[in-house]
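Tertiary structure, described
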Amino acid sequence: MCGIVGIARLGATDIIEKDRDVFVQMLSAGVVRGHHGTGVFSVTKDGGAKLVKSAGPPYMLLVSGAFHKFWAEILPENTRILVGHNRFATTGQKTTKHAHPFMKDKIVMVHNGSLDNSTSTPDFKKFEVDSEAMTHSIATIGLEATLAKTDGAYAIVYWDLNTQTLNMVRNHERPLHVFRDPMMGRVLFASEKEMLEWIVKRNFYGGTGTVLEELPSNTLWSFKIGDPEPIVTNMPLKPIKTYPASYKGYTADAYAANTTWDPIKGKYVQRGQQTLF
């Protein structure tokens, strides 16, 4: 389990100091979803992107020299998008290299989820981290082909430097919630609905015309700078993979049916193993 957070100003206004403060609140609160790595990427008005990341929880990144340099650079750069990630490691190592975001060619991405070894995207097994492999695949063969070859859980958010779009998509196994304020051109998003509701409420971001909803599964939302309304694309629905249970008898009823009281041993034992003398 990892966490994704983000804030974007997609209308006529850049991200302001208040928005940056709110983003730091979201990134800090996201530690409950992962503390093995923390990272951020930013996008400017002209579509350029940069990132910073570190092993460990958010406070380790936020006090680092690398983050202070990154933060100082984005302040005067007409920043429009900030995306953060809280990593709980499932593959790879708990290092800065394996923290999110990942950047491959023109794709900068964060991922919540875990992919199965049956995933057949390009060079999948060459990467130590499945999320990095997924980023590489999207940069190589595109999103639709990548998802068709992907088995496992995912919610992803990425910036495409070619199309100049902020993209988010998930399957039924991972959540992603989006708050939109069309009048202010503001979009916030987070893995956890309750956390997003709390952030919106404590910072007085709610109001007339705002909406908070879960991103529909198997639906791509793409945002362009200058338009806070998403371009909605339905992705081909991949059959839900079922996983056979390795042991089907671990229930109270099954346990009772397969055990019996042994008065000599003074405990329940499997039937046929009770003491007979």
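Structure: see above.
I will try to describe carefully the structure that is included in this document. Here the residue numbers are simple positions, counted from 1 along each chain's written sequence. Only residues with pLDDT of at least 70 are given local features in this predicted model, and only at 80 or more are side-chain atom pairs given and counted; all residues enter the totals for whole chains, interfaces and linings. Hydrogens and water molecules were not included; the side-chain quantities draw on all heavy atoms of the structure.

A closer look at the sheet that holds strand β10 (residues 186-190)
This is how it is decided: By definition, two strands form a pair when at least two bridges between them are found by DSSP. Secondary structure elements follow DSSP: runs of H or I of four or more residues count as helices, runs of E of two or more count as strands, with numbering from the N terminus. Between N-to-C directions, angles cover 0 to 180 degrees, with each direction set by a line fitted to C-alpha atoms, over the stretch in contact for helices. The contact criterion used is simple: two residues touch if any of their non-hydrogen atoms lie within 4.5 Å.
The strand order β3-β2-β4-β1-β10-β9-β11 describes an open sheet built from 7 strands, whose pairing is antiparallel. Here the strands that pair on one side only, and so sit at the sheet edges, are β3 (49-55) and β11 (211-214). Between one strand and the next, the sheet's axes are offset by a mean angle of 10°, whatever the strand orientation. Alignment of strand β2 (residues 37-44) against β3, held across 7 bridges, turns out to be antiparallel. Bridge pairing links glycine 39 to lysine 53 in β3. Its contacts with the sheet put helix α1 (residues 17-29) on β1 (3-9), β2, β4 (79-87) and β10, and the angle it makes with β1 is roughly 170°.

Some details on unusual backbone geometry
Each neighbour pair has its own omega, and for histidine 100 with proline 101 the value is 5°, a cis peptide bond. In this structure, proline 101 sits in the loop between β4 and β5 (102-104). Its identity is not glycine, yet phenylalanine 204 carries a phi of approximately 55°, on the positive side. Its place among the elements puts phenylalanine 204 in the loop between α6 (193-202) and β11.

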